[in-house]
Amino acid sequence: MEKIVAGEFSEAYPPLMDGVGQVVKNYERILRDEYGYNVYVVTTYDSKTGIPDTDNHAIIRFPMHVIKRLGAYGITVMKRDIKKKAAGIDYDIIHTHSPFSIGSLGRRIAKKKHIPHVTTFHSQFRTDVLDFTHSKMLADIVTKYLVRHYKKADAVIAPNHRSAEVLRSYGYKGPVTIIENATDMEIPSQEKEEEYRAHALSLLGLCAKTRPVLLFVGQHSDKKNIPLIIESLRILKDKGIDFQMVFVGDGEDRKKYVEMIREYGLQDNVIFYGITRNREDIAAFYSLSDLAVFPSLYDTSSLVKRESAAHATPCLLVESVTSEGVKDKFNGFIAKPDAASYAEYIEEILSDNSLRRTVGENARRTLYRNFSDAVRELDELYRKLISH
């Protein structure tokens, strides 16, 4: 049987390693290595840093002028010669991961070639547009335009039922296939966990773990609700509760958060580690931590709860789209979305080691999911669409 040729079209792809970038990278890797696909990735590169040296012929990139207010994203320059190269591949199926420039190109190529087009609803793009324009009217107009991308697809994927409901609230009325997100992290042995903890201490410049460790991994942006975390830390500090907060990542609002930490006198309790693309380092941070904090109201299905579950580290969320699948005090914790409630719950969790360990083990048992499981479902969908 001839190899299936798949095109994955996404603005996000390494070195841009947000949640969507991780999804696309793991789809590409597993489809190629475990299912024998020929996979081409059509994506972007930061025009200031250039095309990564590690790229091969199967990665086609358009330059993107990053806009600070958009974090790692910006304006993609759709050059004619690169579009011609992307369109010149004999795809069997195209999968787009956004309705923007790259996704729109993928949809048009699929239509011209008369091949199936699959698209995934990864993020609440209406929120992005509203944050950028500060205009509800403009956000509604743009959202109505972007929803056409999903209406024209042969199949629409969402990472959970709540995110599907968000897409429907935007005006999409068609069927949705649920393929839940996952992680590339393996469940470590006890010996490996100990190695990870020692490695994390070394990365942080700490001699030993002397107080409970709280962890945030992700983009340093207000849309992740990080100000709520910092306000919660101030409350905990004022109550005399000791902790070590570790922020891993970077983003457009990082400097503001560093200033908040200084203003609140939390410097001795907070480490901004910065960005790392080393997955082993991130695994080490999860192993060291007592609690992962992730109060985002923006994410449709954060990978954090999957990653932390691999290490039996419970996650404290707020009631949101991304909290689907989490049952409070069973396989995670769900707080009210205000600093006082969030701080109070952190205090309760840190004071009950037995509950924290039990919830962490339940998270590992019920929330952990490897990307191989997700790609098995994706392969079934691709083959079904190609055969019709």
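For clarity, every value in this text was computed on a predicted model and none was experimentally measured.

1. So, helix α4 (residues 125-133)
Then step 1. Turning to α4, its buried residues number three or more, namely Phe 125, Arg 126 and Val 129. The arc that holds every buried residue of α4, seen down its axis, measures 105°, which confines them to one face.
Then step 2. Along its buried surface, α4 packs onto α5 (136-151).
Then step 3. At the exit of α4 stands His 134, carrying a positive phi of roughly 60°.

2. Quick notes on empty space enclosed by the protein
A probe as big as a water molecule, rolled over the atoms, marks out the empty space that is left.
Then step 1. This structure, assessed with the given rule, holds 1 cavity of 30 Å³ or more.
Then step 2. Roughly 40 Å³ of internal volume is contained in the largest cavity.
Then step 3. For the largest cavity, the full set of lining residues is Lys 305, Ser 308, Cys 315, Leu 317, Val 326, Asn 331, Gly 332, Ala 363 and Leu 367.
Then step 4. If you list the elements that add at least two residues to the lining of the largest cavity, you get α11 (304-310) and β13 (315-318).
Then step 5. Looking at the lining of the largest cavity residue by residue, the classes come out as 5 nonpolar, 3 polar and 1 charged.

3. Brief notes about the environment of His 57
Then step 1. For His 57, the location among the structural elements is in the loop between β2 (38-46) and β3 (59-66).
Then step 2. For the pair formed by His 57 and Thr 44, sequence separation is 13 residues and the distance between their alpha carbons is 14 Å.

4. Brief notes about the pattern of salt bridges
Then step 1. Inspection of every chain in the model, using the stated rule, returns 25 salt bridges.
Then step 2. In this structure, Arg 306 and Glu 180 form a salt bridge, with 2.9 Å as the shortest nitrogen-oxygen distance. Of this pair, Arg 306 sits in helix α11 while Glu 180 is found in the loop between β8 (177-178) and α7 (190-204), placing the two residues 126 residues apart along the sequence.
Then step 3. Relative accessible area serves as the criterion here: at 6%, Arg 306 is assigned to the buried category.
Then step 4. Among the residues examined, Glu 180 registers a relative accessible area of 32% and is labelled partly exposed.
Then step 5. For Arg 234, the salt bridge identified is with Glu 231, shortest N-O distance 3.0 Å. Of this pair, Arg 234 and Glu 231 are both found in helix α8 (residues 226-238), 3 residues apart, which corresponds to roughly one turn of the helix.

5. What about the nonpolar core?
Then step 1. Ile 230, Leu 233, Met 245, Phe 247, Leu 316 and Ile 346 are the most contacted members of the largest nonpolar core, which totals 61 residues.
Then step 2. Within the second largest apolar cluster, 22 residues are counted, among which are Tyr 27, Val 118, Ile 157 and Phe 371.

6. Quick word on the sheet that holds strand β7 (residues 155-158)
Then step 1. Judged by pairing direction, the sheet is mixed, and its 8 strands sit side by side in the order β4-β3-β2-β1-β5-β6-β7-β8 without closing on themselves. Because the sheet does not close on itself, it has two edges, and the strands there are β4 (74-76) and β8.
Then step 2. Two strands pair when backbone bridges link them, and β2 and β3 are joined in this way by 6 bridges, in the parallel orientation. Paired with Asp 46 across the strands is Met 64, a residue of β3.
Then step 3. Relative to the sheet, α5 contacts β5 (93-96), β6 (117-120) and β7, its axis offset from that of β6 by approximately 130°.

7. Thoughts on the layout of surface pockets
Then step 1. Taken as a whole, the second largest pocket holds about 300 Å³ of empty space.
Then step 2. Residue lining of the second largest pocket: 16 residues in total, with Arg 197, Ser 289, His 311, Ala 312 and Arg 357 positioned closest to the centre.
Then step 3. When contributions to the lining of the second largest pocket are tallied by element, the ones reaching two or more residues are α7, α10 (279-288) and α13 (353-366).
Then step 4. Per element, the largest residue contribution to the lining of the second largest pocket is 5 residues, and it comes from α13.
Then step 5. When the residues that make up the lining of the second largest pocket are grouped by side-chain class, the tally is 3 nonpolar, 5 polar and 8 charged.

Conventions and cut-offs
- Residues numbered from 1 in each chain as written.
- Predicted model: local features only at pLDDT ≥ 70, side-chain atom pairs only at ≥ 80, totals over all residues.
- Heavy atoms only, no water.
- Buried < 20%, exposed > 50% of the residue type's maximum accessible area, 1.4 Å probe, protein only.
- Helix = DSSP H or I, 4+ residues; strand = E, 2+ residues; numbered from the N terminus.
- Arc of directions from axis to C-beta.
- Contact = heavy atoms within 4.5 Å.
- 1 Å grid on protein atoms, 1.4 Å probe; cavity = no way out; pocket = protein on both sides within 12 Å on 5 of 7 lines; lining within 4 Å.
- Points joined across faces, edges and corners; volume = space filled by probe spheres on them.
- Nonpolar A, V, L, I, M, F, W, Y, C, P; charged D, E, K, R; others polar.
- Salt bridge = Lys/Arg side-chain N within 4 Å of Asp/Glu carboxyl O.
- Core = buried A, V, L, I, M, F, W, Y, C linked by side-chain atoms within 4.5 Å.
- Pairing = 2+ DSSP bridges.
- Axes fitted to C-alpha atoms, helices over the stretch in contact; angles between N-to-C directions.

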